[in-house]
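Architecture and fold: a report
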Amino acid sequence: MAAPVSTVPSTLPVISLTDVGIRFRRNRRGRRNFKDLFAARNRRSRPGEFWALQNVTFSVQRGEAIGVVGRNGQGKSTLLKLVTGVVLPDAGVVKVTEGVAPLIEITGGFVDDLTVRDNVYLTAGLHGMTRKQIDARFDEIIDFAEIADFVDTPYKHLSSGMKVRIAFAVISRLEEPIILVDEVLAVGDKAFREKCYRRIEELLAGGRTLFIVSHNERDLRRFCKRGLYLDKGDLVLDGPIEDVLARYNDEYGVKRT
Amino acid sequence: MNSSFATVPPQQRTPLARYWHSLWLLTRRDLRVRYSTSALGYFWSILDPLVMAGIYWFVFTQVFERDVGESPYIVFLLSALLPWMWFNGAVSDCTRAFLREAKLIRSTRIPRTIWVNRLVLSKGIEFVAAIPVLVLFAVVYGAELNAGVLLFPLAIVLQVTLTAGVGLLVAPLVVFFRDLERAVKLILRFLFYASPIIYSTRDLPGDLHFWAAFNPLSGIFSLYRSAFFPDQLDWFSVGVGSAMSVAFLALGLFVFARTERAVLKEI
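Residues numbered from 1 in each chain as written. Chains lettered and ligands numbered in written order. Predicted model: local features only at pLDDT ≥ 70, side-chain atom pairs only at ≥ 80, totals over all residues.

**Here's the deal with the overall build of chain B**
The number of helices and strands found in chain B is 12 helices and zero strands. The C-alpha atoms of chain B give 21 Å as radius of gyration, which agrees with the globular expectation for 267 residues (18 Å, within 12%). Its C-alpha atoms give chain B principal-axis dimensions of about 75 × 40 × 30 Å. Pairs at least 24 apart in sequence give 78% of the contacts found in chain B among residues at least 6 apart. (Helix = DSSP H or I, 4+ residues; strand = E, 2+ residues; numbered from the N terminus. Rg over C-alpha atoms; globule rule 2.2 N^0.38 Å. Contact = placed C-beta atoms within 7 Å.)

Next up, the structure:
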């Protein structure tokens, strides 16, 4: 039985972005001085910088599944990072009221020299799980990743496929109500990918909020009802996923025969 | 067992508890990685100061006629050398605090000051673990313990303040000015001789004595040393050093907060 999450009425958005913008330097090794390092955030764009995202405003209700669509380099991953909170906006406000399980650079937290077991406890712990919670899920995680024989092997000795599998297994077991997925489904063999899909569907059925970046239309149609279309750093369209994909294909897609 | 997926539990812990939880996890990871990959493990962390102490002891008591510090000189040395190792290790590791963990920082949303504070903490734990060595030498050479030992906690608190402050200042700046990494190493080497480690502030000529107090390490080391050498306690240095430490922490926090946004984009 699903317990009520909090006293917040479900009509309040769990993610809301208001007029969000972020800019990056065009040449990363450019000249930099103390003055612009300490300059307060402002909306002016300085020479050598460009806005990766600008004036992005939208909000997400609990339980929604949203697909982000756009060509490479149009700010999709940056948007996910803003929602995760691993980069901070230069303009506007990002408000996320619930915990986030980011499937972004999922293998990032794993340490080569430690065993799989230590790594599971470390990564899950950093994402806010207590030791008891991890104890309770440890076998599930290992089963899901199908690496029961390698629990006490140093992480560096795993194959690259195993590394991604264990990382996905850990992050997707987090008790967080919001899940962000960035292209990770492109890895792994077919059978494991199907398992990941089923896992995500399970999470959705459990009332989680899903935010997914993908170039795969089938994936997007499978999980999402709503789509965001990013182009040149602007949020061009926010609507049903079918409309968003249609517009995207219209502008950039291969013509269907 | 699928029931757990359906319920979404509320945040169980306060932000402060989460902060400590993450800080502790990363610190433990640091120590575990260090000790699981080396055969000597713990002994490395005490071997380093021991070898250095041995060298200075030899040079200043066997080669030269020593007229600085107090006897037993090896205890005098170690009582400042061990905390120096903590400061030195933490600050030089802080130069790579962001660069080394870039992947992890890009994927987890823990408060960013943890990346500095965990280095201060793990080096601090190594320092505490090395204290028995100091005790051993004090016993062997018959150095007398006195009431000054009660100031140890104060010294540790001051050193945490100072080290965290300097770390928070250095860590983000190195991301933008890579040269700073080498500059910091150089400054640390200078600071080793500019701090009362192989000598005591009382051995300095009169007018330098006053200015030495503005090196916050002078006050901190004088507190550590007062455990065995009550004459070393210099409340003027401690006072100035405390003020400097707090100032460093404030400056560090300010710089860290102002540069955080840019650091996250850069790594």
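Picking up after the structure, the text goes on.
**A short note on the overall build of chain A**
When its secondary structure is counted, chain A shows eight helices and nine strands. The proportion of buried residues among the 257 residues of chain A is 42%. Restricting the contact set of chain A to residue pairs at least 6 apart, pairs at least 24 apart contribute 74%. (Buried ≥ 20, exposed ≤ 12 C-beta atoms within 10 Å, placed from the backbone.)

**Some thoughts on unusual backbone geometry**
The step from Ser71(B) to Pro72(B) runs through a cis peptide bond, and the omega angle for that step is -5°. Its location among the elements puts Pro72(B) in the loop between helix 3 (42-63) and helix 4 (73-94). Unlike most non-glycine residues, Asn55(A) shows phi in positive territory, near 50°. The residue Asn55(A) is located in strand 2 (residues 49-60) in this model. Non-glycine residue Lys232(A) carries a positive phi angle of around 50°. Turning to its location among the elements, Lys232(A) is positioned in the loop between strand 8 (226-231) and strand 9 (234-240). Judged by C-beta crowding, with 15 C-beta atoms within 10 Å, Lys232(A) ranks as partly exposed.

**Quick notes on the environment of Lys195(A)**
All names here are of chain A. If you trace the backbone, lysine 195 turns up in helix 6 (residues 190-205). Judged by local crowding, lysine 195 falls into the partly exposed class, with 18 C-beta atoms found within 10 Å. Along the sequence, lysine 195 and aspartate 149 sit 46 residues apart, while their C-alpha atoms lie 20 Å from each other.

**Quick notes on helix 3 (residues 116-126) of chain A**
Judged by how many residues are buried, helix 3 of chain A sits mostly within the fold: 10 of 11 residues are covered. Of the residues making up helix 3 of chain A, those classed as buried are Val116(A), Asp118(A), Asn119(A), Val120(A), Tyr121(A), Leu122(A), Thr123(A), Ala124(A), Gly125(A) and Leu126(A). Buried residues along helix 3 of chain A sit in contact with helix 4 (131-145) and helix 5 (160-171) of chain A together with helix 2 (15-36) of chain B. Looking one or two places after helix 3 of chain A, you find Gly128(A), whose phi comes out positive at around 100°.

**Comments concerning the sheet that holds strand 1 (residues 15-25) of chain A**
Neighbouring strands of a sheet are bound in pairs by backbone hydrogen bonds; such pairs are parallel or else antiparallel. Residue and element names in this part refer to chain A. A sheet is described by the order of its strands in space; here three strands give the open sequence 2-1-4, paired in antiparallel fashion. For this open sheet the edge positions go to strand 2 and strand 4 (91-96), each flanked by a neighbour on one side alone. Within this sheet the neighbouring strands show an average axis-to-axis angle of 30°, counted without direction. Examined bridge by bridge, strand 1 and strand 2 share eight bridges and lie antiparallel to one another. (Pairing = 2+ DSSP bridges. Axes fitted to C-alpha atoms, helices over the stretch in contact; angles between N-to-C directions.)

**Overview of the nonpolar core**
Within soluble globular proteins, side chains that are nonpolar generally end up buried alongside one another. With 135 residues, the main nonpolar core has Leu180(A), Leu77(B), Leu81(B), Val116(B) and Ala171(B) as its most contacted residues. With 15 residues, the top contributor of residues to this core is helix 4 of chain B. In this view, Leu77(B) contacts Ala53(B), Tyr56(B), Trp57(B) and Ile198(B); residues no more than four positions away in its chain are not counted. (Core = buried A, V, L, I, M, F, W, Y, C linked by C-beta atoms within 7 Å.)

**Some thoughts on the sheet that holds strand 5 (residues 100-103) of chain A**
All names here are of chain A. Spatial strand order, 5-6-7-3-8-9: six strands in an open sheet with mixed pairing. The open sheet is flanked by strand 5 and strand 9, the only strands paired with a single partner. Strand-to-strand twist across the sheet, computed as the mean angle between neighbouring axes with direction ignored, equals 15°. As paired strands, strand 6 (residues 178-182) and strand 7 (residues 209-213) are joined by five bridges and run parallel to one another. Residue valine 181 lies in a different strand from strand 7, and its bridge partner there is isoleucine 212.

**Focus: helix 11 (residues 216-225) of chain B**
Residue and element names in this part refer to chain B. Of all 10 residues making up helix 11, 10 are buried, and the element is well covered by its neighbours. The complete set of buried residues in helix 11 reads Pro216, Leu217, Ser218, Gly219, Ile220, Phe221, Ser222, Leu223, Tyr224 and Arg225. Buried residues in helix 11 make contact with helix 4, helix 8 (152-176), helix 10 (206-212) and helix 12 (235-266).

**Quick look at the pairing of strand 5 of chain A**
Residues and elements named next belong to chain A. Burial of strand 5 is two-sided: the residues Val100 and Pro102 facing one way and the residues Ala101 and Leu103 facing the other way are all buried. Strand direction decides the pairing type here: strand 5 and strand 6, joined by four bridges, are parallel. Following the sheet pairing, leucine 103 is matched in strand 6 by valine 181.

**A look at the confidence of the model for chain B**
Residue and element names in this part refer to chain B. Chain-level pLDDT for chain B is 87 on average; 95% of the residues reach the 70-or-more range. Looking across chain B, the model is least confident in helix 1 (residues 3-6), with a mean pLDDT of 38, and most confident in helix 8, with 95. Scored as a complex, the prediction yields pTM 0.85 and ipTM 0.79. (pLDDT = per-residue confidence, 0-100.)

**Some thoughts on the packing of helix 3 of chain B against helix 7 (residues 114-140) of chain B**
What describes two packed helices is the angle between their axes and the distance between those same axes. Residue and element names in this part refer to chain B. Interhelical geometry of helix 3 versus helix 7 gives an angle of 65° and a closest axis separation of 10 Å. With respect to their mutual orientation, helix 3 and helix 7 come out roughly perpendicular. Once helix 3 is placed against helix 7, the crossing between them reads as right-handed. Residues Tyr42, Ser45, Ile46, Pro49 and Leu50 of helix 3 lie in contact with helix 7, whose contacting residues are Glu126, Ala129, Ala130 and Val133. (Parallel < 35°, antiparallel > 145°, perpendicular 65-115°, else oblique. Left-handed = near helix turned anticlockwise from the far one by under 90°.)

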